[in-house]
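# Architecture and fold: a report
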Amino acid sequence: GQNIDQPTEMTATEGAIVQINCTYQTSGFNGLFWYQQHAGEAPTFLSYNVLDGLEEKGRFSSFLSRSKGYSYLLLKELQMKDSASYLCAVNGKTNAGKSTFGDGTTLTVKP
Amino acid sequence: DGGITQSPKYLFRKEGQNVTLSCEQNLNHDAMYWYRQDPGQGLRLIYYSQIVNDFQKGDIAEGYSVSREKKESFPLTVTSAQKNPTAFYLCASSSGTAQDTQYFGPGTRLTVL
């Protein structure tokens, strides 16, 4: 089975940096995704990590350590529009393409 | 424009009635998925299909049924056997390989009165 843990809520200030952590325990591993979801809308893809290390994409970066079962999403220069839920999802080696999602971290950005 | 569509956006039904949610994609994706999301929670997998005419149960399949007669379409029926059907339902599709992201439809919010 797969188990994914993320903090439930985080608050940060506009212009600051925030790190959202995700830990996972899986029977296999074939990649970790981060999605952003605004209230009442569909999730949208942010990043994908399958090898250890940091992937940078503009203001967003994602890090993976497979040996520790750990990932984080780093958001820089926070903007009010970054207020959303951030979902960590893991693909196991079985059932290619089938992701298991964490419960998400609701980020509130304050002025 | 390529994409994935769900209809309707909002749906109200009386308790005891079956209801079918539509999901269509023109991305030529092999795999399609149905998720349920309750307030403050993540996505839970109901059913998924990796190829036409084949589908598998996810983690919470009880009270739901699906079909995959065409590559583009993956309708979900919420039956009267589903004890608590009020939720936000999301459909997604992907190429089916492990490294490919899933593309989500806009969702259907089902309320059972």
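Scroll up to find the structure this text is about.
The present account deals with the structure reproduced in this document.

Conventions adopted
- Residues numbered from 1 in each chain as written.
- Chains lettered and ligands numbered in written order.
- Predicted model: local features only at pLDDT ≥ 70, side-chain atom pairs only at ≥ 80, totals over all residues.
- Heavy atoms only, no water.
- Helix = DSSP H or I, 4+ residues; strand = E, 2+ residues; numbered from the N terminus.
- Buried < 20%, exposed > 50% of the residue type's maximum accessible area, 1.4 Å probe, protein only.
- Contact = heavy atoms within 4.5 Å.
- Disulfide = S-S within 2.5 Å.
- Phe/Tyr/Trp six-rings, centres within 6.5 Å; stacked < 30°, edge-to-face > 60°.
- Buried area = accessible area lost by both parts, 1.4 Å probe.
- Salt bridge = Lys/Arg side-chain N within 4 Å of Asp/Glu carboxyl O.
- Polar contact = N/O pair within 3.5 Å; in protein donor to acceptor, adjacent residues only side chain to side chain.
- Nonpolar A, V, L, I, M, F, W, Y, C, P; charged D, E, K, R; others polar.
- Pairing = 2+ DSSP bridges.
- Axes fitted to C-alpha atoms, helices over the stretch in contact; angles between N-to-C directions.

Okay, the environment of Pro43(A) next. Within the secondary structure, Pro43(A) sits in the loop between β4 (32–37) and β5 (44–49). Of the residues examined, Pro43(A) reaches a relative accessible area of 4% and is grouped as buried. Considering only alpha carbons, one finds Pro43(A) and Asn91(A), 48 residues apart in sequence, at a separation of 16 Å. Sequence-distant contacts of Pro43(A), that is, excluding residues within four places in its chain, are made with Tyr35(A), Gln36(A), Gln37(A), Leu87(A), Leu43(B), Leu90(B) and Phe104(B).

Before going further, it helps to examine the state of the cysteines. Residues and elements named next belong to chain A. Applying the stated criterion to the full structure yields two disulfides over all chains. There is a disulfide in this structure between Cys22 and Cys88, and the S-S distance comes to 2.0 Å. Judged by the sign of its S-S torsion, about -70 degrees, the cystine formed by Cys22 and Cys88 is left-handed. Here Cys22 is found in strand β3 (residues 18–25), whereas its partner Cys88 is found in strand β9 (residues 84–91), with 66 residues between them in sequence. Residue classification places Cys88 among the buried positions, given a relative accessible area of 0%.

Here the distance between the centres and the angle between the planes together describe a pair of aromatic rings. Tallied over the full model, the rule gives 17 aromatic pairs over all chains. A centroid spacing of 5.1 Å and a plane angle of 15 degrees characterise the contact between Tyr24(A) and Phe29(A), whose relative ring orientation is stacked. We note that Tyr24(A), like Phe29(A), is buried. Considering the side-chain rings of Tyr35(A) and Phe104(B), the 5.6 Å spacing of their centres and the 90 degrees angle between planes classify their relative orientation as edge-to-face. With Tyr35(A) in strand β4 and Phe104(B) in strand β10 (residues 103–104), this pair bridges two chains.

Next up on the list: the interface of chain A and chain B. Contacts between chain A and chain B engage 20 residues on the former and 24 residues on the latter. Together chain A and chain B conceal approximately 1700 Å² of surface at their shared face, both sides included; 52% is due to carbon and sulfur atoms. For the interface between chain A and chain B, the tally reads zero salt bridges. If you look at where chain A meets chain B, you find four residue pairs in polar contact (both at pLDDT 80 or more). Elements with a contribution of two residues or more to the side of chain A that touches chain B: β4, β5, β9 and β10 (99–101) of chain A. Examining the composition of the side of chain A that touches chain B, we find that three residues originate from one element, β4(A), more than from any other. Residues belonging to the side of chain A that touches chain B are distributed by class as follows: nine nonpolar, eight polar and three charged.

Hydrogen bonds between backbone groups are what pair the strands of a sheet, and the pairing can be parallel or antiparallel. All names here are of chain A. Across the sheet, which stays open at both edges, the five strands sit in the order β1-β3-β8-β7-β6 with antiparallel pairing between neighbours. A strand with exactly one partner marks an edge of an open sheet, and here the two such strands are β1 (3–5) and β6 (53–57). Each strand of the sheet is rotated relative to its neighbour by a mean of 15 degrees, with strand direction disregarded. Pairing geometry for β3 and strand β8 (residues 70–75), over six bridges, is antiparallel. Across the sheet, residue Cys22 finds its bridge partner in β8, namely Ser71.

This part takes up the pattern of salt bridges. Residue and element names in this part refer to chain B. Per the counting criterion, the structure on display carries six salt bridges over all chains. Where Arg44 meets Asp38, a salt bridge forms, and the shortest distance between an N and an O atom there is 2.7 Å. On the basis of relative accessible area, Arg44 is assigned to the partly exposed category, the value being 34%.

All quantities given are derived from atomic positions and should not be read as evidence of function.
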